[in-house]
Amino acid sequence: MNKWKTIKSKYLHESPFGNIRIDSCELPNGKVINDYCVNEYSDWVNAVVITKENQIVLVEQYRYGGEDFFLEVPAGKKEGHETHEEGLMREVKEETGYTSLKNPIFLGEFMVNPATQNNKVRTFLILDAFSAYEQDLDDTEEIKVRLCDFDNFGNEIVANKINTQLFTATAYFMAKNYILENESGRLT
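Calculation criteria
- Note that residues are indexed from 1 along each chain, following the sequence as it is written.
- Only residues with pLDDT of at least 70 are given local features in this predicted model, and only at 80 or more are side-chain atom pairs given and counted; all residues enter the totals for whole chains, interfaces and linings.
- Hydrogens and water are ignored here; the side-chain numbers use all heavy atoms of the structure.
- Two aromatic rings from Phe, Tyr or Trp, using only the six-membered ring of Trp, form a pair when their centres are within 6.5 Å; if the ring planes differ by under 30 degrees the pair is stacked, by over 60 it is edge-to-face, and anything between is tilted.
- Strands are runs of DSSP state E lasting at least 2 residues, helices are runs of H or I lasting at least 4, and numbering of each runs from the N terminus.
- Throughout this description, buried means an accessible area under 20% of the type-specific maximum (1.4 Å probe, protein chains only), exposed means over 50%, and partly exposed covers the range between.
- For a Lys NZ or an Arg CZ to count as sitting over a ring, it must be within 6 Å of the ring centre and within 35 degrees of the ring normal.
- Fitting a line to C-alpha atoms yields each axis, with helices limited to the stretch in contact; the angle taken between N-to-C directions then spans 0 to 180 degrees.
- In this scheme, roughly parallel covers angles under 35 degrees and roughly antiparallel covers those over 145, while 65 to 115 is roughly perpendicular and the rest are oblique.
- Here is the rule for handedness: rotate from the far helix to the near one, and if that takes an anticlockwise turn smaller than a right angle the crossing is left-handed, while a clockwise turn gives right-handed.
- Any two residues whose heavy atoms approach within 4.5 Å at even a single point are treated as in contact.
- Take the residue count of a helix, subtract one, and multiply by 1.5 Å to get its expected span.
- Pairing between strands requires that DSSP locate at least two bridges from one strand to the other.
- A side-chain nitrogen of Lys or Arg and a carboxyl oxygen of Asp or Glu constitute a salt bridge if their distance falls within 4 Å.

A closer look at the packing of aromatic side chains
For any pair of aromatic rings, geometry is given as the distance between the ring centres together with the angle between the planes. The tally for this structure, following the rule as stated, stands at eight aromatic pairs. Ring geometry for W4 and Y36: centres 5.5 Å apart, planes at 85°, overall edge-to-face. One end of the pair, W4, is in the segment before β1 (5-15); the other, Y36, is in strand β3 (residues 32-40), with 32 residues separating them in the sequence. By relative accessible area, which is 42% here, W4 ends up partly exposed. A relative accessible area of 23% places Y36 in the partly exposed class. Measuring from centroid to centroid gives 5.3 Å for Y62 and F69, while their planes differ by 65°, and the two rings are edge-to-face. With relative accessibility at 48%, the residue F69 sits in the partly exposed group. Each member of the aromatic cluster is reached from another via a ring pair, and the members are F150, F153, Y172 and F173. In this arrangement the basic side chain of K93 is found over the ring face of Y133, its NZ or CZ atom lying 4.2 Å from the centre.

Points about the packing of helix α2 (residues 150-158) against helix α3 (residues 166-182)
Running from N to C, α2 and α3 cross one another at 140°; their axes reach a closest spacing of 10 Å. On the basis of their axis angle, the class for α2 and α3 is oblique. Handedness of the α2/α3 crossing: left-handed. Residues F150, D151, F153, G154, I157 and V158 of α2 touch α3, and the partners they reach there are T168, A169, Y172, F173, A175, K176 and I179.

Some points on helix α1 (residues 84-96)
With 13 residues, α1 should reach 18 Å at 1.5 Å per residue; the first-to-last C-alpha distance of 18 Å fits that figure. Listing the buried residues of α1 in full gives G87, L88, R90, E91, V92, E94, E95 and T96. G97, located one to two residues past α1, shows a positive phi value of around 85°.

Focus: the pairing of strand β2 (residues 18-26)
Look at any regular strand and the pattern is simple: side chains alternate between the two faces of the sheet. Most of β2 is tucked away, with seven of its nine residues classed as buried. Across nine bridges, the pairing between β1 and β2 is antiparallel. Bridged to K5 within β2 is E26. Counting the residues in the hairpin turn of β1 and β2 gives two residues. In this structure, β2 lies alongside β3, joined through seven bridges in antiparallel fashion. Across the sheet, N19 pairs through a bridge with E40, a residue of β3. Hairpin remark: β2 followed by β3, antiparallel, with five residues in the connecting loop; positive phi at G30, about 95°.

With respect to the pattern of salt bridges
Between side chains of opposite charge, a pair can form when the charged atoms approach closely. Under the counting rule described, the total for this entry stands at twelve salt bridges. Two residues, E40 and R21, come together in a salt bridge whose shortest N-O distance is 2.7 Å. On the criterion of sequence distance, the pair formed by E40 in strand β3 and R21 in strand β2 is long-range, its members being 19 residues apart. The salt bridge partner of R90 is E82, with a shortest N-O separation of 2.7 Å. Several salt bridges converge on common partners, so that one network encompasses E79, E82, R90, E91 and E94.

As for the sheet that holds β3
The strand order β1-β2-β3 describes an open sheet built from three strands, whose pairing is antiparallel. Pairing within the sheet leaves two strands with one partner each, and these edge strands are β1 and β3. Between one strand axis and the next, the sheet turns through 20° on average, direction left out of account.

The values are spatial; any link to function lies outside them.
Given below as structure tokens:
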């Protein structure tokens, strides 16, 4: 297989939230697509945050594109010269008020949607979290913190009992796998 060749690009929209680029591309077989849209976003960080009581800390918020409320793991993007871990801990603190004395555990990095997006998400696990702060939300955020039993949360995802999105499900199952492999006594 060969990569596609970009013939030309132009921006349809640019904003702090992300850019929309339209490309003309030539496929390896010579076919040309003149209107291939790419959403450019900053890379994201997200975390499965688990308390000492084995509760997963989630955020519930309205998502305009999905036209509904979604239960998600805390997530965001790093700012300025922050490391991924610093950006992650700041986002968790701002969105939930939770923190931990333990360092975040890196679980993995993957593309969000490589068909139409250029960004990656880095997923972490935060253990022994506790509530220590008030939320410090941006003026565009309205977030409710929800605690759920960590062990049962996967069943709720699989049974479609909660409204969530792909990176929360992926992060949860990455965290569960890590815990099963590395902390066999933690889960019942």
